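# Inside the fold
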Amino acid sequence: MKKIILLLMLSAAVLSAGQPKSMADIHRFTALDVHVTDFGTGIGAYRQFSPIGRFHPGINALCTMVSGGEEYTWYDIYGYAHVENEVSLNIVNVGLNGKYHIFKGKIANSFSPFLSAKMGYALALDTPEGERFMEKIKHIDRVHGFNTGFFGGVDFAVDRKYGFSVAIGTQWNVFEKSVDGHKYWNGTTIVIQYGKIIP
């Protein structure tokens, strides 16, 4: 009997808390931004502003550690690792984002499917391969470029204070000249965001 009463009390507490607001209706969202791409993994910050109808404008900054390209590792007969065509490259992106909430006002829940796009500045930081850290820092080659991407995903309100977003799409980094053998660093991208909601 005590277990039944405890279960009823817990259920009442959960129901009285109410459902969190739909992510399509929140005013601001500040989040940790993680991108997993074909050419590397990036981490950064995302800030979403008050909605204009179904559209949410935003900004983001991201640093991607490139692990793609022609780099590969092989082992000699003594078990020592050797890296060939080493890639020592980071890509920094700063830009504008826009999310379009497709079903705003039509889903009575805390999640919201969206389409999004981003565009902005890309900076490739190419350091010499096979050198010590301090030597690499002294000889960074900076190459300017343009970044853009298109995604589809879903925003979730975890509770009234925190939100979670997951999306998949593609992004391109286009540079003014070849960087580590490529002028275009692009590929499929999975985006994961987790942060604080300001209703």
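Summarised in this report is the structure supplied together with it. Here the structure is a predicted model, which is why all the values come from computation and not from measurement.

In total, this model carries three salt bridges according to the counting rule given. The partner of Lys99 in a salt bridge is Asp155, with the nearest N and O atoms 3.0 Å apart. One end of the pair, Lys99, is in strand β6 (residues 89–101); the other, Asp155, is in strand β8 (residues 141–157), and 56 residues separate them in sequence. With respect to burial, Lys99 and Asp155 carry one shared label: buried. Here Asp141 ties to Lys177 by a salt bridge, and the two come within 3.9 Å at their closest N and O atoms. Linking Asp141 in strand β8 with Lys177 in strand β9 (residues 162–179), this pair joins segments that are 36 residues apart in sequence. On the basis of relative accessible area, Asp141 is assigned to the partly exposed category, the value being 33%.

What follows concerns the sheet that holds strand β7 (residues 111–126). As summarised here, the arrangement of the eight strands in space is β1-β2-β3-β6-β7-β8-β9-β10, forming a closed barrel in which the pairing is antiparallel. Neighbour to neighbour, the strand axes of the sheet diverge by 25° on average, direction disregarded.

For Asp155, a relative accessible area of 0% gives the class buried. Within the local environment of Asp155, its side chain forms a polar contact with the side chain of Lys99, the two groups lying 3.0 Å apart.

Note on aromatic pairs: each is described by the distance of the centres and the angle between the planes. With the rule as written, the count across this model stands at six aromatic pairs. Centroid distance Phe29 to Tyr46: 6.5 Å. Interplanar angle 65°. Geometry classified as edge-to-face. Separated by 17 residues along the polypeptide, Phe29 in strand β1 (residues 28–37) and Tyr46 in strand β2 (residues 40–48) bring together distant segments of the chain. Given a relative accessible area of 0%, Phe29 falls into the buried group. Classification of Tyr46 as buried rests on a relative accessible area of 2%. Plain terms: the ring middles of Phe156 and Phe164 are 6.3 Å apart, the flat faces sit at 35° to each other, and that makes the pair tilted. Exposure remark for Phe156: the relative accessible area of 33% places this residue in the partly exposed category. Overall, the relative accessible area of 31% leaves Phe164 in the partly exposed class.

Examined against the element boundaries, Val34 turns out to sit in strand β1. Taking the C-alpha atoms as reference points, Val34 and Ile190, separated by 156 residues in sequence, lie 8.2 Å from one another. The residues touching Val34, leaving out its near neighbours within four places in the chain, are Gly42, Ile43, Ile190, Val191 and Ile192.

Okay, a nonpolar patch on the surface next. On the surface, Val36, Phe156, Val158, Tyr162, Phe164, Val166, Ile168, Ile190, Ile192 and Tyr194 cluster together into a nonpolar patch covering about 800 Å² of accessible area. At the level of secondary structure, the elements contributing two or more residues to the nonpolar patch comprise β9 and β10 (182–198). In terms of residue count, β9 provides more of the nonpolar patch than any other element does, four residues in total. One can find Ile168 in strand β9.

Quick notes on the rules
- Residue indices follow the written sequence of each chain, beginning from 1 at its first position.
- This being a predicted model, a pLDDT of at least 70 is required before a residue's local features are given, and a value of 80 or more before pairs of side-chain atoms are given or counted; all residues contribute to the totals for chains, interfaces and linings.
- To obtain the side-chain values, all non-hydrogen atoms of the structure were used and water was disregarded.
- Salt bridge, as applied in this entry: a Lys or Arg side-chain nitrogen positioned within 4 Å of an Asp or Glu carboxyl oxygen.
- Counting from the N terminus, the helices are DSSP H or I runs at least four residues long and the strands are E runs at least two residues long.
- Here the term buried applies to any residue with accessible area under 20% of the maximum for its type, exposed to any over 50%, and partly exposed to those in between, with areas from a 1.4 Å probe on protein chains only.
- Following DSSP output, two strands are said to pair if at least two bridges run between them.
- An axis is simply a line fitted to the C-alpha atoms; with a helix, the fit covers only the stretch in contact. Between two such axes, the angle follows the N-to-C directions and lies from 0 to 180 degrees.
- Two N or O atoms form a polar contact when they lie within 3.5 Å of each other; inside protein one atom must be a possible hydrogen donor and the other a possible acceptor, and for residues adjacent in sequence the pair counts only when both atoms belong to side chains.
- Planes of paired rings set the category: under 30 degrees apart is stacked, over 60 is edge-to-face and the rest tilted, where pairs are Phe, Tyr or Trp rings (Trp by its six-membered ring) whose centres lie within 6.5 Å.
- Residue contacts are defined here by distance: any two heavy atoms, one from each residue, within 4.5 Å place the two residues in contact.
- Residues enter patches when their relative accessible area tops 30% and they take part in no salt bridge; the joining distance is 9 Å for like charges and 5 Å for the nonpolar side chains Val, Leu, Ile, Met, Phe, Trp and Tyr.
- We get accessible surface area from the Shrake-Rupley algorithm with a probe of 1.4 Å; when it comes to residues, only the shown protein chains can shield them.

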